[in-house]
Every structure is written in C-alpha cells, then in structure tokens.
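Observations on the three-dimensional arrangement
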Amino acid sequence: MSDANLNTDENVTPDTVWVEHTSFVDQIPRSILMLFVFAVFVGLWQIATSFNLVSSIVLPTPVETFNDMIFVGKNLLTGDYMLSALWITTKEVIYGFALAMAIGFSLGILVGETAFGERAIMPYLVALDTMPKVAFAPLFIAWLGFGIESKVALAAFIATFPIVVGTAAGLHATDENSRMLFKTMGASRLQTLFKMKLPMGLPQIFTGLKIGAVGVMAGAITAEFLGGGKGFGELIRVAASQLNTPRVFSLILYLSILGLGLYALVTFAQRRIVFWHRDTVSK
Amino acid sequence: MTTISAATSDVQPALGAPVYELTHVSKTYARNRVIALDDVSLTLRKGSFSSVIGSSGCGKSTLLKIMAGLIPPTKGRVVLQGKPVTGTRRDIGMMFQQATLFPWRTTIENIVLPIEIRDGRAAAEKAKEKARALLDIVGLNGFEDVFPNELSGGMAQRASICRMLITEPAVLLLDEPFSALDELSRDMMNMELQRICTEQNATAFLVTHSIQEAVILSDDIYVMKPRPGRLAEVVTVDLPRPRTLDMMTTPKFGETVNYIRGLLDKGEAM
Ligand SMILES: Nc1ncnc2c1ncn2[C@@H]1O[C@H](COP(=O)(O)OP(=O)(O)OP(=O)(O)O)[C@@H](O)[C@H]1O
Ligand SMILES: [Mg+2]
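What you see is a predicted model; the values in this text were computed from it and never measured. (Residues numbered from 1 in each chain as written. Chains lettered and ligands numbered in written order. Predicted model: local features only at pLDDT ≥ 70, side-chain atom pairs only at ≥ 80, totals over all residues. Heavy atoms only, no water.)

Some points on the overall build of chain A
A tally of regular secondary structure across chain A gives 13 helices and 0 strands. Along chain A, from the amino end to the carboxyl end, the secondary structure elements read α-α-α-α-α-α-α-α-α-α-α-α-α. Relative to its length of 283 residues, chain A is extended, with a C-alpha radius of gyration of 25 Å against a globular reference of 19 Å. The C-alpha extent of chain A, read off along each of the three principal axes, is 70 × 65 × 35 Å. When each of the 283 residues of chain A is scored for burial, the buried share is 41%. The long-range fraction of contacts in chain A, counting pairs at least 24 apart against all pairs at least 6 apart in sequence, stands at 68%. (Helix = DSSP H or I, 4+ residues; strand = E, 2+ residues; numbered from the N terminus. Rg over C-alpha atoms; globule rule 2.2 N^0.38 Å. Buried < 20%, exposed > 50% of the residue type's maximum accessible area, 1.4 Å probe, protein only. Contact = heavy atoms within 4.5 Å.)

A closer look at the environment of Ala124 of chain B
Residue and element names in this part refer to chain B. Position of Ala124 among the secondary structure elements: in helix 4 (residues 121-137). Look at Ala124 and you get buried, because its relative accessible area is 4%. As for Ala124 and Ala180, which are separated by 56 residues in sequence, their C-alpha atoms are 28 Å apart. Apart from residues no more than four positions distant in its own chain, Ala124 is found in contact with Val112, Ile115 and Glu116.

What to know about helix 6 (residues 183-200) of chain B
Residues and elements named next belong to chain B. The end-to-end C-alpha separation of helix 6 is 26 Å, in line with the 26 Å expected for 18 residues at 1.5 Å each. Looking only at helix 6, the buried set comprises Ser185, Arg186, Asp187, Met189, Asn190, Met191, Leu193, Gln194, Ile196 and Cys197. Buried residues in helix 6 make contact with strand 4 (49-53), helix 5 (153-165), strand 8 (171-175), strand 9 (203-208) and helix 7 (211-217). Within two residues after helix 6, Asn201 carries a phi angle of roughly 50°, on the positive side. (Expected span 1.5 Å × (residues − 1).)

What to know about a nonpolar patch on the surface
Taken together, the side chains of Phe36, Val37, Val40, Leu44, Ile47, Phe51, Leu53, Val54 and Val58 of chain A make up a nonpolar region of the molecular surface, amounting to roughly 910 Å² of accessible area. Relative to the helices and strands, Val37 of chain A resides in helix 3 (residues 30-50). (Patch = residues over 30% accessible without salt bridge, like charges linked within 9 Å, V, L, I, M, F, W, Y side chains within 5 Å. Areas by Shrake-Rupley, 256 points an atom, 1.4 Å probe, with all protein chains shown as cover. Salt bridge = Lys/Arg side-chain N within 4 Å of Asp/Glu carboxyl O.)

Looking at the coordination of the magnesium ion (ligand 2)
Reference values for coordination geometry: four tetrahedral donors around a metal ideally subtend 109.5 degrees, six octahedral donors ideally subtend 90 or 180 degrees. All names here are of chain B. Ligation of the magnesium ion (ligand 2) by protein atoms is provided by Ser61 (OG) and Gln97 (OE1), these donors lying 1.9 to 2.5 Å from the ion. Residue Ser61 is found in helix 1 (residues 60-67), and its partner Gln97 is found in the loop between strand 7 (92-95) and helix 2 (107-111); the two are separated by 36 residues along the sequence. A relative accessible area of 32% places Gln97 in the partly exposed class. (Donors = N, O, S within 2.8 Å, 3.2 Å for Na, K, Ca; no water.)

As for the packing of helix 5 (residues 81-113) of chain A against helix 12 (residues 245-273) of chain A
All names here are of chain A. Running from N to C, helix 5 and helix 12 cross one another at 35°; their axes reach a closest spacing of 12 Å. Handedness of the helix 5/helix 12 crossing: right-handed. Taking contact as the criterion, the partners of Tyr81, Met82, Thr89, Thr90, Val93 and Phe97 in helix 5 are, on helix 12, Arg247, Leu251, Leu255, Leu258, Leu262 and Val266. Classifying every residue of the contact of helix 5 with helix 12 by side-chain character gives 9 nonpolar, 2 polar and 1 charged. (Axes fitted to C-alpha atoms, helices over the stretch in contact; angles between N-to-C directions. Left-handed = near helix turned anticlockwise from the far one by under 90°. Nonpolar A, V, L, I, M, F, W, Y, C, P; charged D, E, K, R; others polar.)

Structural notes on the site of ligand 1
Residue and element names in this part refer to chain B. If you check the shell around ligand 1, you find 14 residues, and the closest are Ser56, Gly57, Lys60, Ser61 and Thr62. At 2.8 Å, a backbone N or O of Gly57 approaches an oxygen atom of ligand 1. The contact in question runs from an oxygen atom of ligand 1 to an N or O atom on the side chain of Thr62, over 2.5 Å. Breaking the shell around ligand 1 down by element, the ones donating at least two residues are strand 3 (34-45) and helix 1. Class assignment of the residues belonging to the shell around ligand 1 gives a composition of 4 nonpolar, 8 polar and 2 charged. (Near = heavy atom within 4 Å. Polar contact = N/O pair within 3.5 Å; in protein donor to acceptor, adjacent residues only side chain to side chain.)

Examining the domain arrangement of chain A
Taken as a whole, chain A is organised into domain 1 (1-53) and domain 2 (74-282). Here the C-alpha centroids of domain 1 of chain A and domain 2 of chain A sit 37 Å apart. (Domains from an automatic or database assignment.)

Observations concerning the nonpolar core
With 79 residues, the main nonpolar core has Phe232 of chain A together with Tyr20, Leu42, Leu63, Leu173 and Phe205 of chain B as its most contacted residues. Among the elements that take part in this core, helix 10 (residues 189-227) of chain A stands out by supplying 13 residues, more than any other. With residues up to four places along the chain from it excluded, the contact list for Leu63 of chain B reads Leu22, Leu37, Val40, Leu42, Phe205 and Met224 of chain B. Among the nonpolar cores identified, the runner-up in size contains 54 residues, and Leu174, Cys197, Leu206 and Met247 of chain B belong to it. (Core = buried A, V, L, I, M, F, W, Y, C linked by side-chain atoms within 4.5 Å.)

A short note on the sheet that holds strand 5 (residues 75-80) of chain B
Here 4 strands make up an open sheet; going across it, the order is 3-2-5-6 (chain B) and the pairing antiparallel. If you trace the sheet from one side to the other, it starts and ends with strand 3 and strand 6 (83-84) of chain B, each paired once. (Pairing = 2+ DSSP bridges.)

Let's talk about the packing of helix 6 (residues 115-130) of chain A against helix 8 (residues 148-171) of chain A
Residues and elements named next belong to chain A. Across the interface, helix 6 lies against helix 8 with an axial gap of 11 Å and an inter-helix angle of 135°. On the basis of the axis angle, helix 6 is oblique to helix 8. Seen along the crossing, helix 6 lies across helix 8 with a hand that is left-handed. Contacts between helix 6 and helix 8 involve Leu125, Leu128 and Asp129 from the former and Phe157, Phe161 and Val164 from the latter. Partitioned by chemical class, the residues of the contact of helix 6 with helix 8 number 5 nonpolar, no polar and 1 charged. (Parallel < 35°, antiparallel > 145°, perpendicular 65-115°, else oblique.)

A look at the interface of chain B and chain A
Each partner contributes residues to the interface: chain B has 22 residues there, and chain A has 17 residues. At the boundary of chain B with chain A, total buried surface from both sides reaches about 1,900 Å², with 68% on carbon and sulfur atoms. Broken down residue by residue, the surface that chain B buries against chain A is led by Phe96, Trp104 and Ile117 of chain B, which jointly contribute 34%. At the boundary of chain B with chain A, the tally comes to 1 salt bridge. (Buried area = accessible area lost by both parts, 1.4 Å probe.)

Some remarks on empty space enclosed by the protein
With the rule as written, the count across this model stands at 3 cavities of 30 Å³ or more. Here the largest cavity defines a volume of roughly 220 Å³. Forming the boundary of the largest cavity are 17 residues, of which Thr184 and Met185 of chain A together with Ile92, Pro114 and Thr167 of chain B lie nearest the centre. Looking at the lining of the largest cavity, the elements that each hand over two or more residues are helix 9 (176-184) of chain A together with strand 7, helix 3 (113-119) and helix 5 of chain B. Examining the composition of the lining of the largest cavity, we find that 4 residues originate from one element, strand 7 of chain B, more than from any other. Classifying every residue of the lining of the largest cavity by side-chain character gives 9 nonpolar, 5 polar and 3 charged. (1 Å grid on protein atoms, 1.4 Å probe; cavity = no way out; pocket = protein on both sides within 12 Å on 5 of 7 lines; lining within 4 Å. Points joined across faces, edges and corners; volume = space filled by probe spheres on them.)

Section: the side chain of Arg158 of chain B
All names here are of chain B. Following the sequence through the fold, Arg158 ends up in helix 5. Asp182 is the oppositely charged side chain nearest to the buried, salt-bridge-free Arg158, at an N-O distance of 6.3 Å. If sequence neighbours within four positions are ignored, Arg158 has contacts with Val138, Gly139, Leu140, Leu181 and Met189. (Lys, Arg positive; Asp, Glu negative; His and termini not counted.)

And the structure:
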C-alpha cells in the first residue's frame with residue numbers, strides 16, 4: 001500500500017502517520033533561490049556605491065559594470081580583438097589541461113602502481129607540490145618566451161599535481177577482495193590495472209581532474225599577468241593599470257565563463273563515465 | 001552412521017585420485033601474531049564434495065585463501081593435481097565471502113569477466129550465451145543488463161557464483177557462497193551446486209556456518225576449532241548420492257547434524 005493511501009485512510013489519525021516533510025527551502029526551485037541570492041548581492045553592492053561607502057574607482061556601480069559587460073559582450077560577439085584574446089586564453093587552458101592530463105595520468109600510474117614510483121618519486125612530487133607553483137612563472141617565461149608556450153607550461157604545471165595525486169589515490173582505492181578476485185582469475189598486471197584499478201579509481205581521478213581544471217585557469221592567467229602576450233589576462237592587466245575597474249570586473253566575469261565551462265565539461269564527463277558512483281549520481 | 005577419524009590421518013572415501021593435498025599447513029599472520037591455522041593436513045579426492053565448518057574467526061577463509069594460492073602458508077605444503085601451489089591457478093574457481101561485482105559492468109559483463117581476462121573480448125562475447133544459461137539456473141534471468149547496484153545482496157551472490165562457474169573450473173573453493181540467501185533459495189541453490197559439481201566432476205570445498213548445508217552437500221565435513229585454528233575431526237556423511245532435500249528429514253541426517261553440533265559445542269566450551 002502506498003503512502004498516499006495511508007494518509008487518506010480515515011481510520012488512521014493523521015498525527016500517527018509518518019510522512020516525509022520537505023523543508024520550506026527544499027520546495028523552492030533552485031534557480032529562484034540562486035536568483036534571490038544574486039539580487040541581495042547586487043542590492044548590497046548598489047547601496048555600497050550609491051552612498052559612497054567606497055570610492056567608485058575601487059568599486060564601480062552595478063550599472064557601470066553592467067554597461068561595460070554589454071560593451072565587452074558586443075566586442076566578443078562581433079569577433080573583435082577581445083574575442084581573439086579570449087581564444088588565446090582558451091587555447092592555453094585547453095593545451096595546458098591536456099598536457100596536465102597526459103603527464104598527470106602517466107606519473108599517477110607510475111606512482112600509484114609501482115613500488116619504485118611510490119617510494120622514490122612520490123616524495124619529490126609532494127615536495128614540489130608544497131611549493132608556491134606560480135613562483136615558477138618567471139622561469140617558464142625565461143625558458144619559453146612571451147608567447148603561448150610559457151602560459152601553457154605554467155597552467156599545466158599547476159594542474160598536473162592534483163591529477164597525479166588523484167590518479168595515485170584512485171589506484172590505491174581498490175579493496176582486498178577485488179585484488180584477490182583478479183588474482184584468482186589469473187589476470188596480468190596490465191589487465192588488473194585497466195580492468196579493475198583504473199575504473200575503480202575513477203571517482204578519485206575525477207576529483208583530481210576537477211581541482212586541476214580550476215588550477216589550469218589560474219595558471220594561464222597568472223602567466224599572462226607576468227609574461228604579457230595577447231590573452232585575456234593581458235586585457236585585464238591593461239584595464240587595471242588604466243584604473244578602468246568596470247572593465248576589469250566585466251572581463252573577470254566573462255573569464256569565469258571559460259572556467260565554468262571547463263569545470264562543467266569535466267563534471268559532464270564524470271557523470272557519463274562514473275555513472276555508478278554515489279557522489280556522482282546524487283549531484 | 002558417521003565414520004570418525006583423527007584429523008591428521010587420511011580419510012579414504014570411495015572416490016577418485018587425490019586432487020588436493022595439504023600437509024602440515026600452518027599460518028601465522030605476522031601483523032597481529034594470530035595463529036590462524038595450526039598444522040592442517042587434508043586430502044580432497046577428485047569429484048568429492050567437502051565442507052569446513054567452525055566458529056567465526058577459526059581460520060576457514062585463511063585455509064581457503066592458502067588453497068587458492070592467494071596467500072602463502074607460514075609452514076607446510078599444498079599440492080594440487082600433483083603440482084605444488086605457489087600462486088593462483090586457473091583451474092581453481094574461487095568464490096569469496098563478499099560477492100564483489102564491479103559496478104561499471106552489467107551483471108552479464110561481470111559474469112564473463114574471467115573469460116575476458118583469459119581469452120579476450122571476443123571469447124567473452126561468445127560466452128554470454130552460456131552466462132545467460134547460468135543466470136537462468138540461479139534464477140536471475142532478466143537481470144543480464146542490470147548494473148550490480150540494482151541487485152540485492154543475495155542476487156549479487158548468485159551472480160558471482162555464475163562468474164565462478166563460467167570457466168568450468170576443476171576445483172571449486174566456496175567461502176560461504178549463499179550466506180545472503182533465504183533458506184528456500186539456499187536449498188535450491190545447494191541442489192543446483194550439487195548438480196553442477198556432479199555434471200563437471202568438479203571437486204568442491206565449501207566453507208559454511210550451516211550444519212544442515214554441510215551435511216546435505218558433503219562427503220566429508222572438516223570440523224575446525226578456533227585459537228589456534230585447527231582441524232578437530234573429519235566427519236564422513238553416509239548418505240547416498242545424489243542428495244535430495246527430502247533426505248533432510250531422515251533420521252541419519254538428523255543424527256549427523258546433532259553429532260556435528262556436539263563437536264562444535266565442545267569447541268565453544270574450550
Ligand atoms: N589479513 C589478515 N591479517 C591479520 N590477521 C588476519 C587476517 N585475516 C584473518 N586474520 C585473522 O586470522 C583469524 C582467522 O580469520 P579467517 O578470516 O580465516 O576466519 P574465518 O574462519 O573465515 O571467520 P568467519 O567465519 O567469520 O569468516 C582471525 O583471528 C583473524 O583475525
Ligand atoms: Mg571467513
């Protein structure tokens with residue numbers, strides 16, 4: 001018998017029926033909640049600027065920012081110089097991420113699968129990982145010049161570590177039973193790796209990829225700030241040096257679309273590939 | 001009714017040649033200095049069905065893992081079909097206490113996995129026909145393309161027994177294969193297990209907590225006692241083959257069950 005039947009049954013006193021109650025917030029669509037937060041945020045922002053709590057050079061009004069966003073949007077849509085700047089940064093991010101994945105998976109497998117990697121290489125990786133990686137930017141610029149290469153290098157450098165750690169952790173996530181099962185089936189080391197360890201470690205690997213996807217953006221933009229070039233970071237740097245804060249704001253907002261896009265791509269892949277994992281399903 | 005012999009002396013049932021020979025096998029887990037097995041010797045004959053029974057933690061799974069070549073014994077020798085066991089072997093089919101199906105593979109893909117590993121993807125594809133037949137036997141027809149998350153514990157166990165059977169191993173090592181099944185399904189599965197073993201002339205070694213299950217299936221029952229884990233007695237079940245569920249109501253069955261229960265009680269008192 002279904003719950004609905006129980007509730008309408010006259011013989012049952014209503015307060016003895018245990019029903020699932022959804023809280024008030026749960027009943028509102030998510031988009032409306034998010035819109036609400038956005039409205040409050042913009043409202044506070046408007047108040048702060050219209051009462052001159054902060055100087056307009058430090059913080060432009062929402063309207064100024066909005067107008068600038070329209071300007072930048074038009075520029076992007078008409079394929080003007082901002083679009084080519086965005087394209088350069090997009091390329092840096094994509095190349096950087098691809099490179100980080102290639103290096104990250106290889107090193108991750110080396111570290112997660114071999115005793116040598118775990119004992120002799122991992123300590124160095126951990127040591128490198130604790131360093132502030134943007135400090136390497138001047139080095140990459142000195143080695144690779146002011147073009148796209150130095151940006152790709154720093155972006156990849158930052159994103160590689162979480163992917164290595166995620167892959168190694170994923171390979172260690174296998175349980176005793178699965179390992180014994182593969183042994184009894186006479187599986188080779190490669191078979192065990194590809195048919196059991198890697199698929200089983202995918203949740204951790206994707207966690208690493210997501211952290212890497214965030215890092216790769218930070219790396220590309222930092223390298224652009226420090227090493228010039230023609231990317232979006234350069235536009236931001238120039239706007240900031242001209243104290244054009246509305247422009248800085250709107251450029252950052254457009255840039256965040258790129259970051260969100262990459263993150264969404266990884267999340268989408270995760271949902272398709274790791275469909276069986278609980279965390280993946282619930283989100 | 002039951003012929004009882006000392007643990008270390010060989011039982012000689014009227015069956016085929018020795019398949020498995022364990023001589024003075026001991027296992028101490030270094031990590032916690034637990035003596036899991038102490039001087040276990042036993043011989044399994046071709047086509048025989050044996051069970052191990054004993055309280056929890058007395059070393060049954062350890063014994064099975066050593067026989068399967070998964071862990072080395074601290075002392076002693078394991079010989080399978082004339083060759084010493086020094087690692088896992090493909091002629092052994094093992095079923096673990098946990099079902100361990102892989103969630104990214106459908107039920108049928110899980111079942112043909114041993115074939116895929118042994119003979120490649122094409123062979124696995126061909127084996128699906130046989131996998132369907134096995135699923136049918138265990139009452140899982142219609143669940144071929146379902147992912148393991150959607151199976152109950154008992155259904156997962158039944159699927160994993162199909163996975164073990166698909167390679168038609170000469171030796172079956174079963175660690176409480178039906179512990180998650182209700183009694184009726186369990187009886188049904190036990191009879192199927194007997195049929196399959198007879199059909200393939202397979203040698204089976206079953207770990208169980210159910211005395212009834214051990215008696216209805218086995219030729220020999222090894223009774224183990226804990227701390228340190230050792231064989232206390234070998235009970236030979238004197239019931240005709242093939243066994244049927246009706247035999248569970250016979251006096252002989254009852255006597256054997258009671259006898260083993262007595263042995264286990266004594267173990268508890270120690
Ligand atoms: N990997 C291990 N490391 C250390 N000790 C272990 C290990 N596996 C088992 N043991 C110990 O060995 C003893 C026997 O364990 P085993 O799993 O063989 O028992 P069991 O008879 O199968 O029990 P159950 O019926 O509960 O499955 C236990 O005391 C256990 O603590
Ligand atoms: Mg056990």
